[in-house]
Amino acid sequence: MILFWPFAWSLTMSATRHDAPLEDYLLALISGFVGACLLHSDSLIQSTELLSLGGGCIWNDIIDMDLDAQVERTKHRPLPDGRITVPQALVFLSIHVYLLFAMSRYLNSTAWTLAFLTVVPFTGIYPFMKRITYLPQVWLGITLNTPILIAATIFTNKTPTAAYILAAGGWSWTMWYADTIYGSQDKKDDVKAGVKSIVLLLQRYTWLALLTFSSATTTSWLICGLLNGSGTPYFVVSVAGGGFLLARDSFTVNLDDPKSCLRAFQNNGFTIGPIVFAGCLLDYLLR
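Residues numbered from 1 in each chain as written. Predicted model: local features only at pLDDT ≥ 70, side-chain atom pairs only at ≥ 80, totals over all residues. Heavy atoms only, no water.

By the naming in an unreviewed UniProt entry, the protein chain is 4-hydroxybenzoate polyprenyl transferase, taken from Favolaschia claudopus. In the Cofactor (unreviewed entry) part of its UniProt record, the protein chain is described as follows: "Mg(2+)". Note on the protein chain: under the UniProt heading Subcellular location (unreviewed entry), the record states "Membrane". (UniProt positions renumbered as here; feature names shortened; annotations may be inferred.)

This is how it looks when you write it as structure tokens:
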């Protein structure tokens, strides 16, 4: 969902800007959801064990098996546990990659070029970043938000300025929920395993980073709406509503409590993302 929502925001704003027919919009939206599932999704097995089902997650699990084995939260995943072999995982991964490229054939030339040059290469490099830098989520933020640019070009061959603003906001959103909140769950184990993260770099300044990233995200939604000529529903529901939820979780999350971090992280996929999308959708439908 955290990969799908930025795509959905951008697609809906583009559909509004270009008066895209409802059937074309819905087809692109469904395709984007399927693509997000193929690239980045997980499934809970027996409530405690995590099985990666998205191509990017499978690749990440293959590269990270040695690190996952040293972290309490991830040591029982199928690869470090030995229940799945690397060759089996690679076969599963290749199926996902094939399906992604099969779907991308129906994109226009600009959107296809963006997808080819960004999605697979950026996703492939990400697992190695945490071995060489304390800022791996900077790269992850770029990886997860390139679909914003792809979505913005589906109804046209040009990428508008508003899409770059939205992508910058999406990057800030990823930095907010990923390594600052989600990554705080593992900071003790990461020190032992030698994994680098922004949480370990910032330490006591992590909460200040939360406020900075959430403010930047909300500001990008505001600027993007102004550039896109969005209506009142967008500014009330997406900007004000989404901004309020970001602020609420920034002030209430306990970065020393893994359960609190997990709840705040999940809110992005099931509360914040949908609220921002709802404002975009209302704007499109009323237009």
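Colleague: Go over the packing of aromatic side chains with me, naming the residues and quoting the values.
Modeller: A complete count under the given rule lists 11 aromatic pairs for this structure. With 5.4 Å between their ring centres and 90° between their planes, Phe-4 and Phe-33 make a pair best called edge-to-face. Here Phe-4 is found in helix α1 (residues 4-17), whereas its partner Phe-33 is found in helix α2 (residues 22-39), with 29 residues between them in sequence. A residue is classified by how much of its surface remains accessible, and Phe-4, at 7% relative accessible area, is buried. Phe-33 gets classed as partly exposed once you look at its relative accessible area, which sits at 35%. Considering the side-chain rings of Trp-9 and Trp-221, the 5.7 Å spacing of their centres and the 90° angle between planes classify their relative orientation as edge-to-face. Placement of Trp-9 in helix α1 and of Trp-221 in helix α12 (residues 206-228) is noted, with a sequence separation of 212 residues between them. (Phe/Tyr/Trp six-rings, centres within 6.5 Å; stacked < 30°, edge-to-face > 60°. Helix = DSSP H or I, 4+ residues; strand = E, 2+ residues; numbered from the N terminus. Buried < 20%, exposed > 50% of the residue type's maximum accessible area, 1.4 Å probe, protein only.)

Colleague: Break down empty space enclosed by the protein for me, with residues and values.
Modeller: Counted by the stated rule, this structure contains one cavity of 30 Å³ or more. Around the largest cavity, the lining residues are Ser-10, Met-13, Ser-14, Arg-17, Ala-152, Pro-160, Ala-162, Ala-163, Leu-166, Cys-224 and Asn-228. Broken down by secondary-structure element, the contributors of at least two residues to the lining of the largest cavity are α1, α9 (161-177) and α12. Broken down by element, the residue count for the lining of the largest cavity peaks at four residues, all from α1. The class makeup of the residues in the lining of the largest cavity is seven nonpolar, three polar and one charged. (1 Å grid on protein atoms, 1.4 Å probe; cavity = no way out; pocket = protein on both sides within 12 Å on 5 of 7 lines; lining within 4 Å. Points joined across faces, edges and corners; volume = space filled by probe spheres on them. Nonpolar A, V, L, I, M, F, W, Y, C, P; charged D, E, K, R; others polar.)

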